[in-house]
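One letter stands for each residue in the lines below.
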Amino acid sequence: MSPASTGASTSVDAVSPVRSSDSASDSRMAPGGPGYRRMSFALFLAGVATFALLYSTQALLPLISGEFGVAASEASWTVAAATGGLALFVLPMSALSERFGRRTVMTASLAVAVSVGLLVPFAPSIGALVVLRAVQGAALAGLPASATAYLAEEVRPKALVTAIGLFVAGNSVGGMSGRVITGWVAQEWGWRVAVGVIGAIAVACAVAFRLLLPAPKHFRPGSLRPRVLLGTVRDHLSDPLLRRLYAIGALFMTVFGGVYTVIGYRLTEAPFSLPQGIVGSIFLVYLVGTVSASTAGRLVGRLGRRGALYLAGGTTAAGLLLSLADSLPLVLLGLVLITAGFFAGHAVASSAVSKTATRGRAQASALYQSAYYVGSSAGSTVGAMAFHSGGWAGTVGVGLLAVLGVVTITVLGSRAAQVAARRQLVAAH
């Protein structure tokens, strides 16, 4: 499938003469080469810590609602505040990474986030819990954009989608393990002990990350001047392809945030009435996301970017429809498809952003992450409101609208690329 058919620019891979080379003289990391395995494992652990902390309260919302006497829409703010804080601070943190280095910012972000994570179990009220979670999300903002920028600079272009897919796979493992662990721990000792355990696990991941991640060799410090930063952001937002990728990331995350914020309430109520530990174990389906994210590179190679996005969107929609059944096996199958489709779509879109931006990669990735986590906050809040007013069908309706948005944007992008290609052909003749 041609680049035009994917909805991407035909010059996506032509970042620069040096960066388009994948020859033996290229000193950047590649699979099987020096440092690549350490780098992959370090960023995998960073992804684990990020998602485990970011969504540490999501599987516990029914228990939090019970302790503080609040509805699902209010308890969901413990998730929305964290993702919203990340969305607000990811751009400033990316600017700091351009000046002080990707590894430095990622290390500092994890240090603050895990410190706050150890305070979360002692929150005296729902308001205090929401504030702590917002601070934690703001601290984690230094991870996603800096990680993808680090990979774009330190990994050869042909291995970039796979490398970012492994980082996203770490996200899925963190999200899965955090929810499964909190579910079983909370069933025995309550939600406060559960989030404390996640904080301790994140500390271990943060220490290992700092010890393993190779020092960057291709980073060049940028400017912290606001005018330069705003100019870079304006350039990225004026790129039609980047705007489409940002919107696609936000819409995919709207589906995912809504589904996994509300699913705990659905499964603890009739006709399922599952205990908290079993509900937490439902998140083992995140392992499917680990596989789909890590294979995103091969998926793009076979289907092209547009085909991969269509497949991801169609898989997600099929999962949403299956989850409407009052049969636990069908609900689980629906969650498997939703998870696989989401993580594949996210890996494809985020890697395309890193390959498209020719400068200010941290800002380009930051804008994607900002849109992505705005989608998460919106999905958590709107999905919970839809569940309150219309039950699970309301949440599914929100998700289907978001998937329709992904498909529409991909179609429009493909048409725009085809029109541009025809114009270039006419001009050449």
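See the structure printed just above.
This is a predicted model, so every value here is computed, not measured. (Residues numbered from 1 in each chain as written. Predicted model: local features only at pLDDT ≥ 70, side-chain atom pairs only at ≥ 80, totals over all residues. Heavy atoms only, no water.)

**Q** Would you mind going over the overall build of the protein with me for this structure?
**A** Of regular secondary structure, the protein possesses 16 helices and 0 strands. A compact globule built from 429 residues would reach a C-alpha radius of gyration of about 22 Å, and the protein, at 21 Å, matches this within 12%. Dimensions of the protein along its principal axes, counting C-alpha atoms only, are 70 × 40 × 40 Å. Classification of the 429 residues of the protein by burial places 58% in the buried group. Once local pairs closer than 6 in sequence are excluded, the contacts in the protein between residues at least 24 apart make up 84%. Surface exposure of the protein reaches about 16300 Å², of which carbon and sulfur atoms provide 68%. If you average the places of the 31 positive and of the 13 negative side-chain charges in the protein, the two averages end up 10 Å apart. (Helix = DSSP H or I, 4+ residues; strand = E, 2+ residues; numbered from the N terminus. Rg over C-alpha atoms; globule rule 2.2 N^0.38 Å. Buried < 20%, exposed > 50% of the residue type's maximum accessible area, 1.4 Å probe, protein only. Contact = heavy atoms within 4.5 Å. Areas by Shrake-Rupley, 256 points an atom, 1.4 Å probe, with all protein chains shown as cover. Lys, Arg positive; Asp, Glu negative; His and termini not counted. Charge placed at Lys NZ, Arg CZ, Asp CG, Glu CD.)

**Q** Sorry if this is basic, but what is going on with the nonpolar core here?
**A** Grouped burial of nonpolar side chains is what soluble globular proteins tend to show. Met 39, Leu 43, Leu 151, Tyr 260 and Tyr 373 are the most contacted members of the largest nonpolar core, which has 125 residues in total. By residue number, the principal contributor to this core is helix α11 (residues 240–268), which donates 16 residues. Leave out the neighbours within four places in its chain, and Leu 43 touches Met 106, Ala 147, Tyr 150, Leu 151, Phe 167, Phe 209 and Leu 213. (Core = buried A, V, L, I, M, F, W, Y, C linked by side-chain atoms within 4.5 Å.)

**Q** How should the environment of Ala 46 be read in this particular structure?
**A** Here Ala 46 lies in helix α1 (residues 36–54). For Ala 46, a relative accessible area of 1% puts it in the buried group. It is 8.5 Å that separates the C-alpha atoms of Ala 46 and Met 106, two residues lying 60 residues apart in sequence. Once residues within four sequence positions are removed from consideration, Ala 46 is found in contact with Leu 143 and Phe 209.

**Q** Any chance you could explain the side chain of Ser 97 here in plain terms?
**A** With respect to the element layout, Ser 97 can be found in helix α4 (residues 77–100). Of the polar contacts made by the side chain of Ser 97, one reaches the side chain of Arg 102; its length is 3.0 Å. (Polar contact = N/O pair within 3.5 Å; in protein donor to acceptor, adjacent residues only side chain to side chain.)

**Q** Could you clarify how one ought to interpret the pattern of salt bridges in this entry?
**A** Side chains that differ in sign of charge can pair as their charged atoms come close. Enumeration over the complete set of coordinates arrives at 4 salt bridges. With its nearest N and O atoms 2.7 Å apart, the salt bridge here joins Arg 192 to Glu 67. Placement of Arg 192 in helix α9 (residues 191–212) and of Glu 67 in helix α2 (residues 61–68) is noted, with a sequence separation of 125 residues between them. For Arg 192, a relative accessible area of 24% gives the class partly exposed. Here the salt bridges do not stand alone but share partners, grouping Glu 98, Arg 102 and Glu 153 into one network. (Salt bridge = Lys/Arg side-chain N within 4 Å of Asp/Glu carboxyl O.)

Function-wise, these values are silent; they only describe arrangement.
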